[in-house]
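# Survey of secondary and tertiary structure
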Amino acid sequence: MAVISIRSVLFSFVIALLVICITSEESQAAVLQPDRIDVLYHSYDGGGMKIDGPAILLRKKTSETFAVSAYYYVDSISSASVDVMSTASPYTEKRKEAQLGLEYLHEKTLMDISVRQSAESDYLAKSINLNISQDTFGDLTNLSLGLAYSDNEVKRNGDEFFNEQSQQYRLRAGISQILTRNLSMNLNFEAVADEGYLNNPYRSVRYIDNTQPSGVGYQSEVYPNTRNSFASKISASYYLPYRAALFVHYRYFSDSWQIDATDVEVSYRHPIADVFEIELKVRHYQQTQASFYSDLFAYQDAQNYLARDKELSEFDDLTVGVGFTYFVPQKYSFGDLRSEASLQWDYIKFDYKNFRDPTAGDVVGTEPLYGFSANVIRIFYSLYF
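Position numbers for residues count from 1 along each chain, tracking the sequence in the order it is written. Local features are withheld for residues below a pLDDT of 70 in this predicted model, meaning they are given only at 70 or higher, and side-chain atom pairs are given and counted only at 80 or more; totals for whole chains, interfaces and linings count all residues. Side-chain metrics in this entry use all non-hydrogen atoms of the structure; hydrogen atoms and water are not considered.

This part covers the overall build of the protein. Helix and strand counts for the protein come out as two helices and 18 strands. Taken over C-alpha atoms, the radius of gyration is set against a globule rule of 2.2 Å times the number of residues to the power 0.38. A compact globule built from 385 residues should have a C-alpha radius of gyration of about 21 Å, and the protein, at 24 Å, falls within 12% of that. Projecting the C-alpha coordinates of the protein onto the three principal axes gives extents of approximately 75 × 50 × 40 Å. Burial status across the protein gives 38% buried among its 385 residues. Long-range contacts, defined as pairs at least 24 residues apart, comprise 59% of the intrachain contacts of the protein with a sequence gap of at least 6. Surface accessibility of the protein: about 20900 Å² in total, with carbon and sulfur atoms responsible for 58%. Helix and strand definitions here come from DSSP, where helices need a minimum of 4 consecutive H or I residues and strands a minimum of 2 consecutive E residues; each element is numbered from the N-terminal end. When accessible area is computed with a 1.4 Å probe and restricted to protein chains, residues below 20% of their type maximum are described as buried, those above 50% as exposed, and intermediate ones as partly exposed. Any two residues whose heavy atoms approach within 4.5 Å are treated as being in contact. Each accessible area value is a Shrake-Rupley result obtained with a 1.4 Å probe; residue values ignore everything except the protein chains displayed when judging cover.

See the structure below:
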């Protein structure tokens, strides 16, 4: 029923936005973004998990109203996380993702559609995304709507008979408003409906079992086959007289699994001469646990749904980051074209409130609460042509 109602909402929002686009007062036409090629390398290292790989994006206008884009991304994953080490052996795998998009600009309305595929040895996701945005009220206001559908195939390595499916329906709506010469604000909403097989086929929960020498037994997780979530985000950008800028956002999330989460971020960008920019940021995230989560169940099959994924537990994390951008002078750039290079480093500290480390070797249920830190590095280069 929840999926049906969200589909109805999607249809209503599409009709509403199309009416706005048709009836809005026309003025000087908008323009498509410039042609560009982006190259990215990213690295995540923390909690026994290492993820790194390159990505490339090419975007090219074919006319003043059409543009095409192509995106390719590769992840190399090596995992010896606490979840893996408590019930299995470390593993490595590779994920490849590709996306193809098309943009169309008509007067003040920008529409883009993209198709994406993400593939791993045991997971295949295919999705389609549609976005529409409209400038109105003298270009001081921008209305946007995004729709997405994803169809996913879940397998389990080593088990040729395991094959499950899941689907996701996603709706995004937003409004951006220029309030003063220096201040602008954005308000965004997102509703998501998931259905099908939603848990990890390798993950287990633990329960007290006095028949085992360790005093603990394990069984597979069992999740509901639906999940509905809603998120809202408000953000503000304030541009300072000396070309610096301050950014603030607050996001609230809730879902049908009774997870509530808040996310607050503040960042500051400061120019140095005409060729450098430094960015500093701090972010805090916290969430409550899912209704069917427990670190240690009292006995086997203690309830209908069972989860011990630490990402469904109560936890918070704190991120501090610094970034540097270099605006390459055209005479030093490739082909005398405009380009820029950036380096971003984030340090993240995770603290789990009700997830214990089973590898610590203490008495079951009294192990220390788990926490870890991670380093995230992104190296980015953009060339405009």
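Attention now moves to the pattern of salt bridges. The term salt bridge refers to a side-chain nitrogen of Lys or Arg lying within 4 Å of a carboxyl oxygen of Asp or Glu. This model, assessed by the stated rule, comprises 27 salt bridges. Residue Arg 203 is joined to Glu 221 by a salt bridge in which the shortest nitrogen-to-oxygen separation is 3.8 Å. Linking Arg 203 in the loop between β9 (183-196) and β10 (204-208) with Glu 221 in the loop between β11 (216-220) and β12 (226-239), this pair joins segments that are 18 residues apart in sequence. Each of the two residues, Arg 203 as well as Glu 221, counts as buried. With a closest N to O distance of 3.0 Å, Asp 295 and Arg 308 form a salt bridge. With Asp 295 in the loop between β15 (276-287) and β16 (315-328) and Arg 308 in the loop between β15 and β16, the pair connects residues that are 13 residues apart, well separated along the chain.

Here is the rule: rings of Phe, Tyr and Trp (six-membered ring for Trp) pair when centre to centre is within 6.5 Å. Planes less than 30 degrees apart are stacked, more than 60 are edge-to-face, and the remainder are tilted. All chains considered together, the criterion is met by 20 aromatic pairs. An angle of 45° between the planes, with centres 5.7 Å apart, marks the rings of Tyr 285 and Phe 315 as tilted. Taken as a pair, Tyr 285 in strand β15 and Phe 315 in strand β16 lie far apart in primary sequence, 30 residues in all. In terms of burial, Tyr 285 and Phe 315 fall into one category: buried. Pairwise contacts between aromatic rings join Tyr 285, Phe 315, Phe 350, Tyr 352, Phe 355, Tyr 370 and Phe 372 into one cluster. Taking NZ or CZ as reference, Arg 338 lies 3.9 Å from the ring centre of Tyr 384, over its face. As a reminder, the over-ring test applies to NZ of lysine and CZ of arginine, requiring each to be within 6 Å of the ring centre and within 35 degrees of the ring normal.

Our focus in this paragraph is the pairing of β16. Examined bridge by bridge, β15 and β16 share twelve bridges and lie antiparallel to one another. The residue of β16 that forms the bridge with Tyr 285 is Asp 317. When DSSP finds two or more bridges between a pair of strands, those strands are recorded as paired. Where β16 lies against strand β17 (residues 339-356), 14 bridges are found, and the strand directions are antiparallel. Directly across from Phe 315, in β17, lies its bridge partner Tyr 352.

With that out of the way, let us pick up the layout of surface pockets. Roughly 440 Å³ of internal volume is contained in the second largest pocket. Breaking the lining of the second largest pocket down by element, the ones donating at least two residues are β2 (49-61), β3 (66-79), β4 (91-106) and β5 (109-120). Under this grouping Gly is polar, as are all residues other than the nonpolar Ala, Val, Leu, Ile, Met, Phe, Trp, Tyr, Cys and Pro and the charged Asp, Glu, Lys and Arg. Residues that form the lining of the second largest pocket fall into these classes: five nonpolar, five polar and four charged. In this analysis the probe radius is 1.4 Å and the grid spacing 1 Å, with only protein atoms considered; a cavity is a set of points the probe fits into but cannot get out of, a pocket is an open set with protein on both sides within 12 Å along at least five of seven lines, and lining residues have an atom within 4 Å of a point. Grid points are joined across faces, edges and corners, and a volume is the space filled by probe spheres set on the points.

If you trace the backbone, Asp 83 turns up in helix α2 (residues 82-87). The exposure class of Asp 83 is buried, given its relative accessible area of 13%. A sequence separation of 192 residues divides Asp 83 from Val 275, and the C-alpha atoms of the two residues are 45 Å apart. Contact partners of Asp 83, with chain neighbours within four places excluded, come to Arg 203, Arg 308, Lys 310 and Phe 355.

On to the nonpolar core. Definition of nonpolar core: a set of buried residues of the types Ala, Val, Leu, Ile, Met, Phe, Trp, Tyr and Cys, connected through side-chain atoms within 4.5 Å. Core analysis: the largest hydrophobic core is formed by 22 residues, its most contacted members being Ala 290, Phe 292, Leu 312, Phe 350 and Tyr 352. Of all the elements in the fold, those that place two or more residues in this core are β17 and β18 (369-384). Those residues within four positions of Phe 292 in sequence are excluded, and the remaining contacts are Val 222, Tyr 223, Pro 224, Trp 257, Phe 297, Gln 303, Tyr 305, Leu 306, Ala 307 and Leu 312.

Pairing analysis gives ten bridges linking strand β13 (residues 245-255) to strand β14 (residues 260-272), with the strands arranged antiparallel. Paired with Val 248 across the two strands is Val 266, which belongs to β14. Between the end of β13 and the start of β14, which pair antiparallel, lie four residues, with Gln 258 showing a positive phi angle near 70°. Relative to β15, β14 runs antiparallel, the two sharing twelve bridges. In the sheet register, Arg 269 faces β15, and the bridge partner there is Glu 279.

Right, let's get into the confidence of the model for the protein. Detailed reading of the predicted coordinates is not advisable wherever pLDDT is low. Residue-level confidence of the predictor is what pLDDT reports, using numbers from 0 through 100. Looking at the protein as a whole, its pLDDT mean stands at 91, while 92% of the residues score no less than 70. For residues 1-28, every residue scores under 50 in pLDDT, and the model assigns this stretch 34 contacts once sequence neighbours within four places are set aside.

Further remarks concern unusual backbone geometry. Generally, phi is negative for residues other than glycine and the peptide bonds are trans, each holding for most cases. Positioned with a positive phi, Glu 107 is a non-glycine residue whose angle comes to about 55°. Structurally, the position occupied by Glu 107 is in the loop between β4 and β5. Phi is positive for Asp 139, close to 65°, though the residue is something other than glycine. Assignment of secondary structure puts Asp 139 in the loop between β6 (123-136) and β7 (141-156). Exposure remark for Asp 139: the relative accessible area of 36% places this residue in the partly exposed category.

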